[in-house]
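Observations on the model geometry
Here is how the chains run, residue by residue.
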There are 2 protein chains.
Amino acid sequence: MQGLKDRAAIIGMGQTKLGDRFDAGFVDLAVEAYVEAIQDAGIDPKEIEAMWVGVFEPNMAGGFQGMAGSYLAEALGLWDRPSTRVSNYCATGMDALRNAANAIAAGLYKMVLVLGEEKMRDVGSRDSLIRQTLLNGHPVVGKGQTAPGMFALMANRHFHEFGTTKEDLAKVAVKNHYNGSLNPKAHIRKVVDIDTVMNAYMIADPLGLYDCSTVADGAAAAIVTTPEIAKSLKPNGDYVLIKSIGLSITTDARYFDPYEQYIGFRSTQMAAKMAYEEAGIKNPAEEIGVAEVHDCFTITEIINYEDLFFVEKGKGATFIREGVTALDGRLPINTSGGLKSCGHPIGATGVRMTYQIYQQLLGRAEKMQVKNPKLGLIHNLGGPGSVAAVAVYGTP
Amino acid sequence: MQGLKDRAAIIGMGQTKLGDRFDAGFVDLAVEAYVEAIQDAGIDPKEIEAMWVGVFEPNMAGGFQGMAGSYLAEALGLWDRPSTRVSNYCATGMDALRNAANAIAAGLYKMVLVLGEEKMRDVGSRDSLIRQTLLNGHPVVGKGQTAPGMFALMANRHFHEFGTTKEDLAKVAVKNHYNGSLNPKAHIRKVVDIDTVMNAYMIADPLGLYDCSTVADGAAAAIVTTPEIAKSLKPNGDYVLIKSIGLSITTDARYFDPYEQYIGFRSTQMAAKMAYEEAGIKNPAEEIGVAEVHDCFTITEIINYEDLFFVEKGKGATFIREGVTALDGRLPINTSGGLKSCGHPIGATGVRMTYQIYQQLLGRAEKMQVKNPKLGLIHNLGGPGSVAAVAVYGTP
């Protein structure tokens, strides 16, 4: 058995502006991301042999668009080809990319498209995500727990066990809002200070308004090919190699983390172990140069530091206190602004994170650029908590 | 580039009894199919490294179960592994199998599970598939067209163009009901005669009650591995090789076949071309020994004969008139009883068809067994009409 390491490459990416995209429908967003990706790759769309489409739940956001690849095939001119829709909670986009990379590694195609998208806004009041989630019997939300409520429990437990504080959480928000202010495609481009975050109205104690990520529309696209073709099309090395993609289903979605006593996610830990083993990474905090992690809430980012083995369990807050994960820190995290500033269009998020790491590894991240990263990581957590994906990308 | 041919093998399969499974929930059905597959494969469940789950639309049938692999992971004892949910209209199950086979061909895993399932019954009156489909803005159904109505238009056009008759359709129903009567796992096990079919009450002229497939619950499972492992675990050759899997998105789901003037489906034709090329098949009607094709309606089976290049366009009815596709014919089709008798639990169907061909190729189809087939084919059509999958399986 061999892993994915260096067997698939990304030669083009696109991403929409994220946010309240009342100006654009489902198909418009797909086209926006796709056109940028095709232009970046410098290929003829006819070369695309197959597609993987990551959309979590099109029915929730009011329509059959996104149920399969057929709408996109029309808009993108990609008829008579295979298209697979993948849906995997908040790891949807990453899992679409994973299945595309698998097919490239198998030698079945030379050039494929991955599109991650979610239309979260533009939804009538009777069709909101939460209402649909309730109607459809979500195992946790249906019992009265909400995402902020669940992550608030984790925050309080982390405070109790390890001395993490509300101010630590606020520092995550300040960092990610700052980074988002530099990202022209972020949903929220607003710098906030500690006092603003600390005094914002409470959503679920201790999580206030600025501790929560936003609800946004968005799409992102990637053109995946073989390393050989990437090298021939991009002789200057302007592409990234997929080093590994780990994915783990670890707990039932009915229980919010039975393993880790509300201080961590085994799914992240398992996916990270898979990804590090496949990529040959021994010391992630030393070897990874830049990362996008699933900061659905500020506490989640701190817990992710630990679950990704960047720092010992319980010590996550030291990373934010010491500025390790700041844009100019030793391990810059969520340089895009994270889910905090970019929002979380579910199916898009993993591909949107990949876009950020791709730009970083290619030295094109403009005001968000970190110094010369060689390896970048992305991480998704969903389910809630039941599934996680971790991918590592590298320069050629 | 190389195709899938002989790069993945199926060494175990399971299938539930299909039908009104009010006795079994979503997870129960999964376990029922899985246990049979594991026992058939003769492996330890611990050997399963990854899963692909094909479920079209769990929300339609009343719940979050099936949204991802997490519920199944609990029931099946498959934690800490990757699980991908694939959704692709009526080709959902086949596309799950395709992505699993791709990963095996890539050498990423040695042993994986594919589960196709749909819970279509057990749904409150306010949650029926049709109501949910309407609510969610299905592009065709939402405008007042129903599946029987659309396929009735095709039947009338086929009658007009080629002289196909309502009696030809009835002969398909008689054949598939007879085959279904021999299948202990079919939904409907009832022999019907021509007069019964011809005089049954009309659903959408010319399609009467017996021209329509049934709505059923069901699940089917497959254990996929490498040909080398298959050979070592099954030295007697009791496994099948995947020769090819073609998949094509060909028309927008908003338009019911703009290409073929209501006499055929380009999606089937494209998927068949892919599958034949990959498998190296020149004369499908001569080389294929047994097939399961998507007989959502009797007219669809006749059109499938043509679109799969078994017979010239317009001549499909000759196949049923001359008994070519009967159990004792030259090319037996839908020996399981087809969707007509087995029902159509959407995510399960492709895997359920594969189960039938697997049993046929292994000589285990009991009363449905045909003489010594070497190659078997399965075909799905969905979308409606926008997507099709064609797979070819062979004996080692």
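Residues numbered from 1 in each chain as written. Chains lettered and ligands numbered in written order. Predicted model: local features only at pLDDT ≥ 70, side-chain atom pairs only at ≥ 80, totals over all residues.

1. Focus: the environment of B:Met198
Residue and element names in this part refer to chain B. Heads up, the rule is: Elements are defined by DSSP. Helices are runs of H or I of four residues or more, strands are runs of E of two residues or more, and each kind is numbered from the N terminus. Whether two residues are in contact is decided by their C-beta atoms, placed from the backbone, lying within 7 Å.
For methionine 198, the position within the fold is in helix α7 (residues 194–199). Along the backbone, methionine 198 and leucine 169 are 29 residues apart, and their C-alpha atoms lie at a distance of 8.9 Å. Dropping the residues within four chain positions of it, methionine 198 is found in contact with Lys166, Glu167 and Ala170.

2. Considerations on the confidence of the model for chain A
As a reminder of what qualifies: The predictor rates its confidence in each residue with pLDDT, a number between 0 and 100.
Residues at a pLDDT of 70 or more form 91% of chain A, whose mean pLDDT is 92. Model confidence for the complex: the whole-complex pTM is 0.96, and ipTM, which rates the interface, is 0.95.

3. Focus on the domain arrangement of chain A
All names here are of chain A. To keep it simple, the criterion reads: Segment limits for the domains were obtained from an automatic or database-derived domain assignment. Basically, the charged four are Asp, Glu, Lys and Arg, the nonpolar ten are Ala, Val, Leu, Ile, Met, Phe, Trp, Tyr, Cys and Pro, and anything else, Gly included, counts as polar.
Partitioning chain A into domains gives domain 1 (9–127 + 216–233) and domain 2 (139–214 + 243–394). Taking only C-alpha atoms, the centre of domain 1 and the centre of domain 2 are 23 Å apart. Taken together, the contact pairs 32 residues of domain 1 with 29 residues of domain 2. Going through the elements one at a time, β1 (9–15), α3 (92–105), β4 (111–118) and β7 (218–225) are the ones with two or more residues in the side of domain 1 that touches domain 2. It is α3 that contributes the most residues to the side of domain 1 that touches domain 2, seven residues altogether. A class-by-class count of the residues in the side of domain 1 that touches domain 2 yields 18 nonpolar, eight polar and six charged.

4. Here we look at the nonpolar core
To keep things clear, this is the line we draw: For the purposes of this analysis, a nonpolar core is taken to be any set of buried Ala, Val, Leu, Ile, Met, Phe, Trp, Tyr and Cys residues that are connected through C-beta atoms within 7 Å. Exposed residues have 12 or fewer other C-beta atoms within 10 Å of their own C-beta, buried residues have 20 or more, and residues in between are partly exposed; the C-beta atoms are placed from the backbone.
Core analysis: the largest hydrophobic core is formed by 261 residues, its most contacted members being A:Val112, A:Val114, A:Ala221, B:Val112, B:Val114 and B:Ala221. Considering every element that reaches this core, the biggest residue donor is helix α1 (residues 26–41) of chain A, with nine residues. Ignoring anything within four residues of it in the chain, the contact list for A:Ala221 reads A:Met13, A:Gly14, A:Ala33, A:Tyr34, A:Ala37, A:Leu113, A:Val114, A:Leu115 and A:Val351.

5. Side note on the pairing of strand β3 (residues 83–87) of chain A
The following threshold applies: Here, a strand pair is defined by DSSP locating no fewer than two bridges between the strands.
The element β3(A) is extensively covered by neighbouring structure, given that five of its five residues are classed as buried. Here β3(A) shows a buried face lined by A:Ser83, A:Arg85 and A:Ser87 and a second buried face lined by A:Thr84 and A:Val86. Sheet analysis places strand β2 (residues 50–54) of chain A next to β3(A), joined by four bridges and oriented parallel. Each residue of the ladder has a partner; that of A:Trp52, found in β3(A), is A:Thr84. Relative to strand β3 (residues 83–87) of chain B, β3(A) runs antiparallel, the two being bridged by three bridges. Along β3(B), the bridge assignment pairs A:Ser87 with B:Arg85.

6. Considering the pairing of β2(A)
Along any regular strand, the residues point their side chains to alternate faces of the sheet. All names here are of chain A. Of all five residues that make up β2, five are buried, and the element is covered over most of its length. Direction of pairing for β2 relative to β4: parallel, over a ladder of five bridges. Directly across from alanine 50, in β4, lies its bridge partner valine 112.

7. Description of unusual backbone geometry
One can expect most non-glycine residues to show negative phi and most peptide bonds to be in trans. Residue and element names in this part refer to chain A. Cis rather than trans, the peptide bond between aspartate 205 and proline 206 has omega equal to 10 degrees. Topologically, proline 206 is positioned in the loop between β5 (202–204) and β6 (207–208). You will see that phenylalanine 309, though not glycine, has its phi angle at about 65 degrees, which is positive. Its location among the elements puts phenylalanine 309 in the loop between α11 (298–307) and α12 (316–321). A positive phi angle, close to 60 degrees, is found at asparagine 334, a residue other than glycine. Of note, asparagine 334 is situated in the loop between α12 and α13 (338–342).

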